[in-house]
Amino acid sequence: MKILTIESSCDETAAAVVDDRRQVLGASLASQIDVHQRFGGVVPEIASRNHLEAILPVVSDALAQAETTLDDLDAIAVVNAPGLAGSLLIGLTAAKALCVAANKPLIAINHLQAHIYACRVAFDEDLFPCVGLIVSGGHSSLYRCAGPIDFEPLGTTIDDAAGEAFDKVASMLGLPYPGGPSIQKAAESGNPKAFPFPRPMLNDPERLQFSFSGLKTAVRYKLAGVGKVDFSTTQISEQERADVAASFQEAVVDCLVGKSVQALKKCGMKTLCVGGGVAANARFREKMEDAANKNRFKLYVAPPKLCTDNAVMGAVAIERFKAGLFEPLDLDIFPGLVRDAQ
Ligand code: KG4
Ligand code: ZN
């Protein structure tokens, strides 16, 4: 069985061909980082226009790598939730058109379930049931995952997502987009204990929530002075920049690790699977490993390339195929999705 998977929820246009044993037969990805870098973040309208140009070449490339034609496919799967509306629409419309042209069934992919499924693809082990942590540019959420397409929300961020905080703090520090990799690099020469940035709710195991907005403000006050917002005239040395980056990164990582451990305890579970771009962070991976050893849980974090958006993680569509979950051609997008995993 072969499925074409399509991902266009944010600023990566990606397609892959996977088989029912989760083998990746072809995978293609066009990143828009260069396009958005000068704006310091993703500009939705520009993203969708770029998806429009990239989508068919990326699909053709994935099929060519897999030495597969549209006719050979058993289904076409596409991310329709959550994500940027204009971006999701390009992928969904392309997938529908291909389904009509080749007379193939359509499968919907939930981007968040796909991020966790990246671990299933990478490790080829049965991970479920587990606690799932998704840490990306748009999400910081914990789920009780009974199965690959059966998620129940445990808690989420009450304001910014972790990746969003990385991107905004990088911009304050004059570091390039995307902020995660830039902050990680700057932090290498910084002291993570230089500034005691806040770790909200970390001492309250009953609240499985995140909050990164106050942390962002704490960095701003560090740069501009307490109570001031304008830091355009602030001069900071390379060492101070590295110290702020390291201290900020440490605070985010402590919250993500701490809340994940609390979620595992609350659910009585012993397996944690992590997905999303922030899971590519080296310090996050290091501290999560330490926490797994200390608290004796099994940890699965996909390799960095499968943490950031890609279409290989869309292999979760195999599970929907097996369950007979196909979609009509009037399937819509759900940009803000709270729909948990039917
Ligand atoms: O999962 P993803 O590719 O897209 C979304 O679904 O949002 O995540 C992108 C986010 C960005 O905010 C980016 O700054 C962050 O992941 N990111 C990182 C790292 N690599 C990417 N954050 C921290 N450290 C990294 N190494
Ligand atoms: Zn993502």
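Residues numbered from 1 in each chain as written. Chains lettered and ligands numbered in written order. Predicted model: local features only at pLDDT ≥ 70, side-chain atom pairs only at ≥ 80, totals over all residues. Heavy atoms only, no water.

What follows deals with the overall build of the protein. Helix and strand content of the protein: 11 helices and 10 strands. At 20 Å, the protein has a C-alpha radius of gyration in line with the 20 Å of a compact globule built from 342 residues. Seen along its three principal axes, the alpha-carbon backbone of the protein occupies a region of about 60 × 45 × 30 Å. Expressed as a percentage of the 342 residues in the protein, the buried residues total 54%. For the protein, the share of sequence-separated contacts (at least 6 apart) that also reach a separation of at least 24 residues comes to 72%. Surface exposure of the protein reaches about 14,500 Å², of which carbon and sulfur atoms provide 52%. Taken together, the 33 basic and 40 acidic charged side chains of the protein have centroids lying 7 Å from each other. (Helix = DSSP H or I, 4+ residues; strand = E, 2+ residues; numbered from the N terminus. Rg over C-alpha atoms; globule rule 2.2 N^0.38 Å. Buried < 20%, exposed > 50% of the residue type's maximum accessible area, 1.4 Å probe, protein only. Contact = heavy atoms within 4.5 Å. Areas by Shrake-Rupley, 256 points an atom, 1.4 Å probe, with all protein chains shown as cover. Lys, Arg positive; Asp, Glu negative; His and termini not counted. Charge placed at Lys NZ, Arg CZ, Asp CG, Glu CD.)

By size, the foremost hydrophobic cluster in this structure holds 113 residues, and its most contacted members are Leu4, Phe248 and Val274. By residue number, the principal contributor to this core is helix H8 (residues 238-267), which donates 14 residues. Two domains each provide a minimum of three residues to this core, namely domain 1 (2-115 + 307-322) and domain 2 (126-304). Residue contacts for phenylalanine 248: discarding those within four places in its chain leaves Ala165, Phe166, Val169, Ile183, Phe197, Leu215 and Val219. (Core = buried A, V, L, I, M, F, W, Y, C linked by side-chain atoms within 4.5 Å. Domains from an automatic or database assignment.)

Taking 1.5 Å of rise per residue, 30 residues should cover 44 Å, and H8 covers 43 Å from first to last C-alpha, within 8% of that figure. Burial analysis of H8 places 25 of its 30 residues in the buried class, the great majority of the element. Backbone geometry just downstream of H8 places glycine 268 in the positive-phi region, at approximately 65 degrees. (Expected span 1.5 Å × (residues − 1).)

What follows deals with the pattern of salt bridges. According to the stated counting rule, one finds 17 salt bridges in the structure shown. In this structure, lysine 216 engages aspartate 160 in a salt bridge whose closest nitrogen and oxygen atoms are separated by 2.6 Å. Here lysine 216 is found in helix H7 (residues 213-224), whereas its partner aspartate 160 is found in the loop between strand E8 (150-156) and helix H5 (162-172), with 56 residues between them in sequence. The residues lysine 216 and aspartate 160 share a single accessibility class, namely buried. The closest approach of N and O atoms between lysine 287 and glutamate 250, which form a salt bridge, is 2.7 Å. With lysine 287 in helix H9 (residues 282-295) and glutamate 250 in helix H8, the pair connects residues that are 37 residues apart, well separated along the chain. (Salt bridge = Lys/Arg side-chain N within 4 Å of Asp/Glu carboxyl O.)

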